[in-house]
Structure formats: structure tokens, C-alpha cells
Amino acid sequence: LNRNGILEPMEAGTVTNLFLVQKGITSTEDLHFFKNVKMIILDDNVIPNIVLNSLDQLELFSCTGCKISSFKAENLKNLSSLYLDNNLLEGISLNGIPKIDQLTLSLNQLKTVDLTQFKVLRKLNVEHNKLQKIDISGNPALQTLNVMGNKIKETDIKKGTKTDVTIFGAEE
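Residues numbered from 1 in each chain as written. Predicted model: local features only at pLDDT ≥ 70, side-chain atom pairs only at ≥ 80, totals over all residues. Heavy atoms only, no water.

Asks: Help me get a handle on the nonpolar core, residues and values and all.
Replies: Buried together is how nonpolar side chains tend to be arranged in soluble globular proteins. By size, the foremost hydrophobic cluster in this structure holds 47 residues, and its most contacted members are Leu52, Phe61, Phe71, Ile134 and Leu145. For this core, the secondary-structure elements that each account for two or more residues are β3 (49-53) and β5 (70-74). Discounting residues that sit within four places of it in the chain, Phe61 has contacts with Leu31, Ile40, Leu42, Ile50, Leu52, Phe71, Leu79, Ser81, Leu82, Tyr83 and Leu84. (Core = buried A, V, L, I, M, F, W, Y, C linked by side-chain atoms within 4.5 Å. Buried < 20%, exposed > 50% of the residue type's maximum accessible area, 1.4 Å probe, protein only. Helix = DSSP H or I, 4+ residues; strand = E, 2+ residues; numbered from the N terminus. Contact = heavy atoms within 4.5 Å.)

Below, the structure written as C-alpha cells:
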């Protein structure tokens, strides 16, 4: 680092972890400068809209309690953990994220969630949303599903033939 007080693109490229909890951050538009970042934690900032794309090294992204109302992620080929709990999400757009293993979307306003592309998803937490049904038939690796606090019965969960999942919080 050249210590000139300005984070230059070459310097940003050396950063692998961004731990920025409660820093008054309101935008993520500069994240693309951090080409080699593996972990981004932005919990407890106010960031209404987030678009994440083409961060090839990113493995973990967390923005819990960020008052997010719009979240879009695409072409994150190494992202395996995504934590977006306690936000204002009514919908979510996730595309080109083949390695997602752990997805936490609890305490939002989600009415639907499309899980079809997540073939290696093992843990899904969607508790306390507005879901009335969920389709996990295309998630053969899923081990745990938490739907507590939604109006979901076991019969509202579409399972696949190979689905061997432990479900928490389905209504009787």
C-alpha cells in the first residue's frame, strides 16, 4: 500500500476480507473494485438496494439488519454462504450462484423464493417470512429447512424423490 490516503484499484485488489459492521454504509456500488474479496460482512448498515455481481472469489456475503428492500446477485461462482436475515426483502433475485450451500433469509417479507438452481444447497432458513408454500424438489443436497413463522404446512412443501431433509417449524 502506498499510504496516500486513497484506496487505489491495485490496492483494493489485495483485499480478501471486508468486515464493515455498523459503519454507516449506505451503498455497495464500489464493491466491484475488490476483485479478490472472499468475505464481505456489512451487518447493521442501512443499504436499501444491493446488486452484487462478478465477484469471482466471493465465498461469503452477509448483510443482516441492513433494511434491504431490493437484493440482486448474479455470476458469483464461488459464493457458498449468503446471510440476509432481518431485512425488508419482499423478493430476491439470485442467478449464477452454483455453489450456494447455506442460505439464510429469515425475518424478511418474502412471499416466494425460487430455489431451483441451488443443487448443492444444504441449509435453508426462511423463518418469519410470508411464504405459504416452498418447492425443494430440485435441492437434493438439502439437509435442513427452517420455515417457522410462515403459514406453511408440511403438505405445502414440495419435495423431490431424493429429498431427505429435516424440516423445522411447519404447521400441523
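Asks: Any details on the pairing of β5? Residues and values, ideally.
Replies: Residues Phe71 and Ala73 line the buried face of β5, whereas the alternating positions Ser70, Lys72 and Glu74 sit on a face that is not buried. Looking at chain direction, β3 and β5 are connected through 5 bridges and run parallel. Within β5, the residue paired with Ile50 across the bridge is Phe71. In terms of strand pairing, β5 meets strand β7 (residues 93-95) through 3 bridges, oriented parallel. Note that in β7 the partner of Lys72 across the bridge is Ser93. (Pairing = 2+ DSSP bridges.)

Asks: Which residues make up the environment of Leu7, and what values go with them?
Replies: Relative to the assigned elements, Leu7 resides in the segment before α1 (9-12). Along the primary structure Leu7 and Phe33 are separated by 26 residues, whereas in three dimensions their C-alpha atoms are 9.6 Å apart. Leaving out residues up to four positions away in the same chain, Leu7 has contacts with Ala12 and Phe34.

Asks: Describe the side chain of Asn129, naming the residues involved and giving the relevant values.
Replies: Tracing the chain through its elements places Asn129 in the loop between β9 (123-125) and β10 (134-135). Among the polar contacts listed, one links the side chain of Asn129 to the backbone nitrogen of Gln109, at a separation of 3.3 Å. Within the local environment of Asn129, its side chain forms a polar contact with the backbone oxygen of Glu127, the two atoms lying 3.5 Å apart. Those residues within four positions of Asn129 in sequence are excluded, and the remaining contacts are Leu105, Ser106, Leu107, Asn108, Gln109, Leu110, Gly149 and Asn150. (Polar contact = N/O pair within 3.5 Å; in protein donor to acceptor, adjacent residues only side chain to side chain.)

Asks: Please give an account of the packing of aromatic side chains that cites residues and values.
Replies: Here the structure, examined in full by the defined rule, presents 1 aromatic pair. Ring geometry for Phe61 and Phe71: centres 6.0 Å apart, planes at 40°, overall tilted. One end of the pair, Phe61, is in strand β4 (residues 60-62); the other, Phe71, is in strand β5, and 10 residues separate them in sequence. For Phe61, a relative accessible area of 0% translates into the label buried. Here Phe71 falls in the buried class, since its relative accessible area comes to 3%. (Phe/Tyr/Trp six-rings, centres within 6.5 Å; stacked < 30°, edge-to-face > 60°.)

Asks: How would you explain the environment of Gly96 if you had to name every residue and give the values?
Replies: Examined against the element boundaries, Gly96 turns out to sit in the loop between β7 and β8 (102-104). C-alpha separation for the pair Gly96 and Phe118, spaced 22 residues apart in sequence, amounts to 9.5 Å. Setting aside residues up to four positions removed in sequence, Gly96 forms contacts with Glu74, Asn75, Leu76, Lys77 and Gln117.

Asks: Please provide a residue-by-residue account of the sheet that holds strand β6 (residues 81-83), values included.
Replies: A sheet is described by the order of its strands in space; here 8 strands give the open sequence β1-β2-β4-β6-β8-β9-β11-β13, paired in parallel fashion. Because the sheet does not close on itself, it has two edges, and the strands there are β1 (17-19) and β13 (166-168). Averaged over all neighbouring strand pairs, the angle between strand axes comes to 5°, with direction disregarded. Taken together, the 3 bridges between β1 and strand β2 (residues 39-41) define a ladder with parallel strand orientation. Looking at β2, one finds that Leu18 is bridged to Ile40. (Axes fitted to C-alpha atoms, helices over the stretch in contact; angles between N-to-C directions.)

Asks: Can you explain the pattern of salt bridges? Please cite residues and give values.
Replies: The full count for this structure, using the stated rule, is 4 salt bridges. Among the ionic pairs, Asp56 bridges to Lys77, the shortest N-O distance being 4.0 Å. One end of the pair, Asp56, is in the loop between β3 and β4; the other, Lys77, is in the loop between β5 and β6, with 21 residues separating them in the sequence. With a shortest N-O distance of 2.5 Å, Arg122 and Asp101 are connected by a salt bridge. Residue Arg122 is found in the loop between β8 and β9, and its partner Asp101 is found in the loop between β7 and β8; the two are separated by 21 residues along the sequence. Residue class for Arg122 comes out partly exposed when judged on its relative accessible area of 28%. For Asp101, a relative accessible area of 18% corresponds to the buried category. (Salt bridge = Lys/Arg side-chain N within 4 Å of Asp/Glu carboxyl O.)

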